[in-house]
Amino acid sequence: MSAGEAWLGAASPVFRRRLTVEWGQCDPAGIVFHPRYFEFFDWNCVLLLEAALGLRERAWRAELGYGGIPVVDLSSRFTAQVRYGDEVEIASGVTRLGRSSLEIRHELRAPAGLAVQAAQTRVWCAWDANGRLVSAPIPERLREALTHG
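None of the values given here were measured: they were computed from a predicted structure. Residue numbers run consecutively from 1 along every chain, following the written order of its sequence. Under the rules for a predicted model, residues below a pLDDT of 70 receive no local features and side-chain atom pairs below 80 are neither given nor counted, while totals for whole chains, interfaces and linings still include all residues. Each side-chain value is derived from all of the structure's non-hydrogen atoms; neither hydrogens nor water enter the calculation.

J.: Teacher, can you tell me more about the sheet that holds strand β5 (residues 113-123) here?
T.: Pairing between two strands is assigned when DSSP locates at least 2 bridges connecting them. Put simply, DSSP marks the helices as runs of H or I at least four residues long and the strands as runs of E at least two long, and each gets a number from the N terminus on. Spatially, the 5 strands line up as an open sheet ordered β1-β3-β4-β5-β2, and their pairing is antiparallel. Each having just a single partner strand, β1 (14-20) and β2 (71-78) make up the two edges of the open sheet. Shown here is a sheet whose adjacent strand axes are inclined to one another by a mean of 15°, direction ignored. Here 8 bridges tie strand β3 (residues 87-97) to strand β4 (residues 101-110), and the two strands are oriented antiparallel to one another. Bridge pairing in β4 links A91 to E107. For this analysis, residues touch if any pair of their heavy atoms sits within 4.5 Å. Axis angles are defined between N-to-C directions and span 0 to 180 degrees, where every axis is a line fitted to C-alpha atoms and, for a helix, only to the segment in contact. Contacting β1, β2, β3, β4 and β5, helix α2 (residues 35-53) crosses the sheet at an angle of about 135° to β1.

Following this line, the structure appears as structure tokens:
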């Protein structure tokens, strides 16, 4: 088992995508500016949930009572540089589901191998009657999609 497989563990499902690092994602030395990784992982999170649900994010509000999925905890580990023009693969998977929280683990692989690992805890939220964003149970449809594919 590779380090990446151990990191993602029994994540289900795992969403993977490839991209080419663009100049605007890099610092003047041509190395990816570290906040950009969190943008990559945020995009992958939404794409993972869209793929699991078979619904675009914009439909979640009407169909699932969605208000947002803010990050409440974040950790990361950087092990290699990623540079302008590198072809990378980002893999993301849900490793834990709570009542309203979900842990998503991400890894980014560059030509030289594993470059970044991150774990996010996010909370499924809905809007209350006063217009506030509040924690809400993960919809059963999403829970089912993430645990049984």
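Structure's up, so let's keep going.
J.: Help me out: how do you make sense of the environment of C45 in this one?
T.: Here C45 lies in helix α2. Any residue under 20% of the maximum accessible area for its type is buried, any over 50% is exposed, and the rest in between are partly exposed; the area is computed with a 1.4 Å probe on protein chains only. The class of C45 is buried, set by a relative accessible area of 0%. Contact partners of C45, with chain neighbours within four places excluded, come to I69, I104, H106, Q120 and R122.

J.: I would appreciate a short explanation of the packing of aromatic side chains in the present structure.
T.: One pair of aromatic rings is described through two measures. These are the centre distance and the angle between the planes. Two rings from Phe, Tyr or Trp (for Trp, the six-membered ring) form a pair when their centres are within 6.5 Å of each other. A pair whose planes differ by under 30 degrees is stacked, one over 60 is edge-to-face, and the rest are tilted. Under the criterion given, the structure shown has 8 aromatic pairs. Judged by centre distance (5.1 Å) and plane angle (55°), the rings of Y66 and W124 are tilted. Of this pair, Y66 sits in the loop between α3 (57-64) and β2 while W124 sits in the loop between β5 and β6 (125-127), and the two are 58 residues apart along the sequence. In this structure an aromatic cluster arises from ring pairing among Y37, F38, F40, W43 and F78.

J.: Sorry if this is basic, but what is going on with the environment of E22 here?
T.: Examined against the element boundaries, E22 turns out to sit in the loop between β1 and α2. Residue class for E22 comes out exposed when judged on its relative accessible area of 52%.

J.: I keep staring at the pattern of salt bridges and nothing clicks. Help me out?
T.: Two side chains that carry opposite charge are able to pair once their charged atoms sit near each other. Salt bridges are identified by distance alone: a Lys or Arg side-chain nitrogen within 4 Å of an Asp or Glu carboxyl oxygen. Taken as a whole and assessed by the stated rule, the structure comprises 8 salt bridges. A salt bridge links E50 to R56, with the shortest nitrogen-to-oxygen separation between them at 3.4 Å.

J.: Honestly, the packing of α2 against α3 in this entry has me stumped. Any pointers?
T.: Axis angle and axis distance: for two packed helices, these are the angle between their axes and the distance between the axes, and together they describe the pair. Between α2 and α3, whose axes approach to 10 Å, the crossing angle comes to 55°. In terms of orientation, α2 lies oblique with respect to α3. In the crossing of α2 with α3, the sense of the turn from one axis to the other is left-handed. Between α2 and α3, the contacting residues are V46, L49, E50 and L53 on the first element and E57, W60 and L64 on the second. We call Asp, Glu, Lys and Arg charged. Ala, Val, Leu, Ile, Met, Phe, Trp, Tyr, Cys and Pro are nonpolar, and the rest, Gly among them, are polar. Considering only residue class, the contact of α2 with α3 consists of 5 nonpolar, no polar and 2 charged. Should an angle lie under 35 degrees it is considered roughly parallel, over 145 roughly antiparallel, and from 65 to 115 roughly perpendicular; all remaining angles are considered oblique. Left-handed describes a crossing in which the near helix is turned anticlockwise from the far one by less than a right angle; the clockwise case is right-handed.

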